[in-house]
Amino acid sequence: MTIARASVVDVARALGVSPSTVSRAFNHPELLRAETVVAVHAAAERLGYVPNRHAQALITGRTGAIGLIVPDITNPFFPKLVRAAQRSAEQRGLSMFVAETGYDPEKERRQIATMAPQTEGVIVASSRLPGDELQLIAQRTRVVFINNDTPDLARVLLSSSTALCQGIDHLVASGARRLCYVGGPVRSWSEGERRRTVGDAVARLGLDATYLRDESGTYTEARALAKEVLDSGADAVIAFDDVVAHGVLDGLLVENVRVPDEVALIGCDDALPIQTHPRMSTIRLPFTEAVRAAMGLIAADEIQPDTRVEVEGVLELRETTREM
């Protein structure tokens, strides 16, 4: 037996109001008193009434959904971003569509084109498309970018620069004299910022430094680089992110290197701090703050081009760095 779903008329009858009042409570709540909106939503929940999103979109021009595109859902950085976005969307009464590109620019193009007409806006994290193409996309699509610093885009940047400088100062104060930076994918905005930060600190402090790269950004490749880290003579390592740091850490432990007594190590992103032994010193990034900023830009009546929001990470010293 099919059970009929509650309708707008059922909710209106239960409250003694008109069906149009119920409709306004969902489509144009700003036209009603706050207590009326609360009463309508409470009655709808009690009766099991669910608004028809497709019908609402036709009436209001709003879909009630936000799109989020990420390059790699298996990288521990992005699940944290997805979770923060989901919570932020729910707080705004919105749904969330998530898509993965696998770092493939063509897939990213298709996902943006597919999501744009079905959502109120699209958030793209760590885009791999060239800047001039992104500028063209932004001219015809409600889109905000995370960790892409192309001019003329609405963008939010999760910066690790200040915290990373503090981390390098700590390494030097605790005895480090030769650094090794193990970088990540060359097209990553975060990689560019972190490498520049390390280079500037090395010049400022007069340190020796070696630069290696884990282009795949994987644990396996990073683990294999541990011997090159040792060959460099480094007594401290800065890793592009916690996945790379974890690989280097395990590679050093296999070589019977004592961390942090012989080689200290700092990662970035705070993605794996309690899954390593010893526990990883890292840069904790404010995912929630960044996503709220991106949602605020998407929710604006008009997305202003060249809006640049930067949120700073925080240094978290744990067990892979020496005490001062």
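Rules behind the numbers
Residues numbered from 1 in each chain as written. Predicted model: local features only at pLDDT ≥ 70, side-chain atom pairs only at ≥ 80, totals over all residues. Heavy atoms only, no water. Buried < 20%, exposed > 50% of the residue type's maximum accessible area, 1.4 Å probe, protein only. Helix = DSSP H or I, 4+ residues; strand = E, 2+ residues; numbered from the N terminus. Arc of directions from axis to C-beta. Contact = heavy atoms within 4.5 Å. Salt bridge = Lys/Arg side-chain N within 4 Å of Asp/Glu carboxyl O. Pairing = 2+ DSSP bridges. Right-handed = clockwise from strand over helix to strand, strands pointing away.

## Quick look at helix α7 (residues 131-140)
Stage number 1. Taken together, the buried positions of α7 are occupied by Glu133, Leu134 and Ile137. One side of α7 carries all its buried residues, which in axial view fall inside an arc of 100 degrees. Away from the buried face of α7 by more than 90 degrees, exposed residues Asp132 and Gln139 are located.
Stage number 2. Buried positions along α7 lie against α6 (105-115) and β4 (143-146).

## Here's the deal with the pattern of salt bridges
Stage number 1. Counted according to the given criterion, the structure contains 17 salt bridges.
Stage number 2. For Asp306, the salt bridge identified is with Arg155, shortest N-O distance 3.0 Å. Placement of Asp306 in the loop between α13 (287-299) and β11 (308-312) and of Arg155 in strand β5 (residues 155-159) is noted, with a sequence separation of 151 residues between them.
Stage number 3. Put simply, Arg194 and Asp269 hold a salt bridge, and the shortest N to O gap is 2.9 Å. Taken together, the residues span a long stretch of sequence, with Arg194 in helix α9 (residues 189-205) and Asp269 in the loop between β9 (264-266) and β10 (282-284) at a distance of 75 residues.
Stage number 4. Among the charged side chains, a network of salt bridges with common partners joins Asp149, Arg155, Asp306, Arg308 and Glu310.

## Regarding the pairing of strand β2 (residues 95-100)
On any regular strand, side chains alternate: one points to one face of the sheet, the next to the other face.
Stage number 1. The pairing of strand β1 (residues 65-70) with β2 spans 6 bridges and is parallel. Within the sheet, the bridge partner assigned to Val70 lies in β2 and is Glu100.
Stage number 2. This β-α-β element, β1 to helix α5 (residues 77-91) to β2, shows right-handed connectivity.

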